Amino acid sequence: LWVLKQGQAGAGFEAGMPVSEIVQIEVPRPRFFDAAQQASTPEQIAQSQAALKNVLDMLKPYRDIPGVVADEAIYWQAFLLEKQQRHAEALAWYEDIIKQPYPSTQANKARLRAGLCCEQLGQMEKAAEYLQAAQGAEDDVGLLSEVKLAQGRALSKLGRCQEALMAYL
């Protein structure tokens, strides 16, 4: 990774740093991530998608560096597609996060949302797998309710009635 540093005399110089030596980069969380979460009208969704595309174009090459918010931008891009009932496209973005070889802070949320998309697409086996493998929705009661209902429906359609009942409960 090449960075431009400013010296004490004020002159700038480039310095190269191996990515393997980077412990953390602090990238400010863009404000439009909150706008993407709250977008409800087609115009708001379109504006958020355009902003997310711009940041993704800049950050995607560096997404495996800790602290880079590219995976969060991908998550919100998928979330907006899900809001538009474009579940197959949203699923592809969520799975892009899940399949990365590095640990992503968005992987668990992406797994939950991927399970919800699979349930909407009628992919019940895959939905049950994603929804059971994911952890940590307890802090978001709305998401937890959505996940448990989808999990119950998926398990019920798979004939796993006892597990479906436990999900509903």
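Just above, that's the structure.
Novice: What is the right way to read the pattern of salt bridges from this model?
Specialist: Under the criterion given, the structure shown has 12 salt bridges. E72 is the salt-bridge partner of R29, the closest N and O atoms lying 2.8 Å from each other. Of this pair, R29 sits in the loop between β2 (12–16) and α1 (32–38) while E72 sits in helix α3 (residues 70–83), and the two are 43 residues apart along the sequence. With a relative accessible area of 38%, R29 lands in the partly exposed category. Judged by relative accessible area, E72 falls into the buried class, the value being 12%. Of the charged contacts in the structure, one is a salt bridge between E95 and K126, with a shortest N-O distance of 2.9 Å. Taken together, the residues span a long stretch of sequence, with E95 in helix α4 (residues 87–98) and K126 in helix α6 (residues 124–133) at a distance of 31 residues. Among the residues examined, K126 registers a relative accessible area of 32% and is labelled partly exposed. If you follow the salt bridges from partner to partner, you end up with R29, D34 and E72 in one network.

Novice: Please explain the nonpolar core as it appears in this structure.
Specialist: One recurring pattern in soluble globular proteins: nonpolar side chains tend to sit buried together. Counting residues in each nonpolar core, the largest one holds 34 residues, and the members touching the most others are F33, L52, Y75, W76 and Y94. Elements with a contribution of two residues or more to this core: α1, α2 (42–59), α3, α4, α5 (107–120) and α6. Tallying contributions element by element places α3 first for this core, with nine residues. Judged by nonpolar contacts, the second largest core, of six residues, contains L116, L143, V147 and A150.

Novice: Hey, could you run me through α4 in this one?
Specialist: Given 3.6 residues per helical turn, the α-helix brings residues three or four places apart onto the same face. With 12 residues, α4 ought to run about 16 Å at 1.5 Å a step, and its terminal C-alpha atoms sit 16 Å apart, in line with that. Taken together, the buried positions of α4 are occupied by H87, A90, L91, Y94, E95, I97 and I98. For α4, the arc enclosing every buried residue in end-on projection is 150°, short of the 170-degree limit, so these residues lie on one face. Looking at the buried side of α4, the elements it contacts are α3, α5 and α6.

Calculation notes
Residues numbered from 1 in each chain as written. Predicted model: local features only at pLDDT ≥ 70, side-chain atom pairs only at ≥ 80, totals over all residues. Heavy atoms only, no water. Salt bridge = Lys/Arg side-chain N within 4 Å of Asp/Glu carboxyl O. Helix = DSSP H or I, 4+ residues; strand = E, 2+ residues; numbered from the N terminus. Buried < 20%, exposed > 50% of the residue type's maximum accessible area, 1.4 Å probe, protein only. Core = buried A, V, L, I, M, F, W, Y, C linked by side-chain atoms within 4.5 Å. Expected span 1.5 Å × (residues − 1). Arc of directions from axis to C-beta. Contact = heavy atoms within 4.5 Å.

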